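# Working through the structure, step by step
Here's the letter readout for the chains.
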Amino acid sequence: MANKVTTAIFPVAGMGTRFLPATKSVPKEIMTLVDRPLIQYAIDEARAAGITEFIFVTSRGKGALEDYFDLAPNLEEELRRKGKKDLLEVLEATNMDSGAIAYIRQHKALGLGHAVWCARRLIGDQPFAVILPDDVISAEKPCLQQMVEAYEETGGNMVAAMEVAPERTSSYGILDVEREDGNLLDIKGMVEKPRAEESPSNLAVIGRYILSPSVLRNLDEMKQGAGGEIQLTDAIAAELDQGRKVYGYRFAGQRFDCGSKSGFLQATVAYGLARPELRDDLAAYLKDIVPNLA
Ligand code: G1P
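All of these numbers come straight from a predicted model, not from anything done at the bench.

### Quick look at helix α8 (residues 232-241)
Judged by how many residues are buried, α8 sits mostly within the fold: eight of 10 residues are covered. L232, T233, A235, I236, A237, A238, E239 and L240 are the residues of α8 that are buried. Trailing α8 by a residue or two, G243 shows a phi angle of about 85 degrees, which is positive.

This is the structure we're talking about:
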């Protein structure tokens, strides 16, 4: 049986240029879907999967992220004084046990693989998860939990997988599938951002990974891949050459690309409609405007 996965890495060093000017002073991961920042969705999903140690790979200007997971004594005192128990409860989800969260800086933007590698000294010899907070996944059973359950049977390495339109392969890591068994894909190759005509499939890697520590050793080589960046996809693909297993997991749920404005807006609507206190108003508004849309 595979070792338990208790640590997750959250690469949050990106500049978020697609969301300028907002990201001039607000980290992208603090941008809110309804009333919770993107990072809160990622943390909640990790906790549901049994993660107890959280590693953030950050960069300059991400201080708001550290503050977000800190206690806010003045605010809490004020809410207590006013008897606002419901709001105090809302804040509880942002509390972390002391020492459960670590921040490592990625000093140079050399790619996702490099960001994950920056956390190597905190990982040791255990499997670990990676969550990309831009990929928000709405699911009855949270995506990483689905994967952890599957991983307990398979071990190896596992990445979340989803079909994308064939012309979109150049935005993703793409899987070369040997065999399918229900939700589980036995992988024989992986390519980062291939052009449609060179793509081995249209099954894309989505930002949830369970990885063996040997992936970090592969990253030691600092090989540049697609776009001149050090790619996580390449370090996982190297596992195959070294005789270790890589699985794709077709998760149940809907993924929103919150790294794009359009995906973020779609997620806002979907998460708004999922909230009982907002649903009626928002649905009435949408019904009102939809017939008039060209
Ligand atoms: C990253 C990964 C890519 C993966 C994608 C999922 O790309 O490199 O393999 O498919 O996340 O969102 P990015 O979107 O950071 O360019």
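### Considerations on the site of the ligand
The local shell around the ligand holds 13 residues, among which D135, G173, E192, K193 and V205 are the closest. Between the ligand and G173, the relevant distance is 2.9 Å, taken from an oxygen atom to a main-chain nitrogen or oxygen of the residue. Take E192: an N or O atom from its side chain is 2.7 Å from an oxygen atom of the ligand. For the ligand, the accessible surface in isolation is 380 Å², of which the surrounding protein chains cover 75%. The site holding the ligand turns out to be the largest pocket. Sorting elements by how many residues they give to the shell around the ligand places strand β11 (residues 203-211) first, with three residues. Grouping the constituent residues of the shell around the ligand by class yields five nonpolar, four polar and four charged.

### Overview of the pattern of salt bridges
According to the stated counting rule, one finds 20 salt bridges in the structure shown. The partner of R255 in a salt bridge is D135, with the nearest N and O atoms 2.7 Å apart. Highlighted residues: R255 in strand β13 (residues 254-257) and D135 in strand β7 (residues 135-138), separated in sequence by 120 residues. Taken as a pair, R255 and D135 share a single burial class, namely buried. In this structure, the salt-bridge partner of K193 is E192, at a minimum N-O distance of 2.8 Å. Classification of E192 as buried rests on a relative accessible area of 12%. Linked through salt bridges whose partners overlap, the residues forming this network are D35, R275 and E277.

### Considering the packing of helix α9 (residues 261-273) against helix α10 (residues 276-289)
Between two packed helices, what matters for the description is the angle formed by their axes and the separation of those axes. Where α9 meets α10, the axes come as close as 8 Å, and the angle between the chain directions of the two elements is 130 degrees. With respect to α10, the element α9 is oriented oblique. Between α9 and α10, the contacting residues are V269, G272 and L273 on the first element and L278, R279, L282, A283 and L286 on the second. Taken together, the residues of the contact of α9 with α10 break down into six nonpolar, one polar and one charged.

### Considerations on the packing of aromatic side chains
What the rule picks out here adds up to eight aromatic pairs. With centroids separated by 6.1 Å and ring planes inclined at 25 degrees, the aromatic side chains of F10 and F54 adopt a geometry described as stacked. With F10 in strand β1 (residues 7-11) and F54 in strand β4 (residues 53-58), this pair connects stretches of sequence that are 44 residues apart. The exposure classification of F10 matches that of F54, with both residues buried. Ring centres 6.1 Å apart and planes at 65 degrees place the aromatic pair F256 and Y271 in the edge-to-face group. Placement of the pair is F256 in strand β13 and Y271 in helix α9, with a sequence separation of 15 residues. Comparing F256 with Y271, the two get one shared label, buried.

Definitions and cut-offs
Residues numbered from 1 in each chain as written. Predicted model: local features only at pLDDT ≥ 70, side-chain atom pairs only at ≥ 80, totals over all residues. Heavy atoms only, no water. Buried < 20%, exposed > 50% of the residue type's maximum accessible area, 1.4 Å probe, protein only. Helix = DSSP H or I, 4+ residues; strand = E, 2+ residues; numbered from the N terminus. Near = heavy atom within 4 Å. Polar contact = N/O pair within 3.5 Å; in protein donor to acceptor, adjacent residues only side chain to side chain. Areas by Shrake-Rupley, 256 points an atom, 1.4 Å probe, with all protein chains shown as cover. 1 Å grid on protein atoms, 1.4 Å probe; cavity = no way out; pocket = protein on both sides within 12 Å on 5 of 7 lines; lining within 4 Å. Sits in = over half its atoms within 2 Å of the grid points. Nonpolar A, V, L, I, M, F, W, Y, C, P; charged D, E, K, R; others polar. Salt bridge = Lys/Arg side-chain N within 4 Å of Asp/Glu carboxyl O. Axes fitted to C-alpha atoms, helices over the stretch in contact; angles between N-to-C directions. Parallel < 35°, antiparallel > 145°, perpendicular 65-115°, else oblique. Contact = heavy atoms within 4.5 Å. Phe/Tyr/Trp six-rings, centres within 6.5 Å; stacked < 30°, edge-to-face > 60°.

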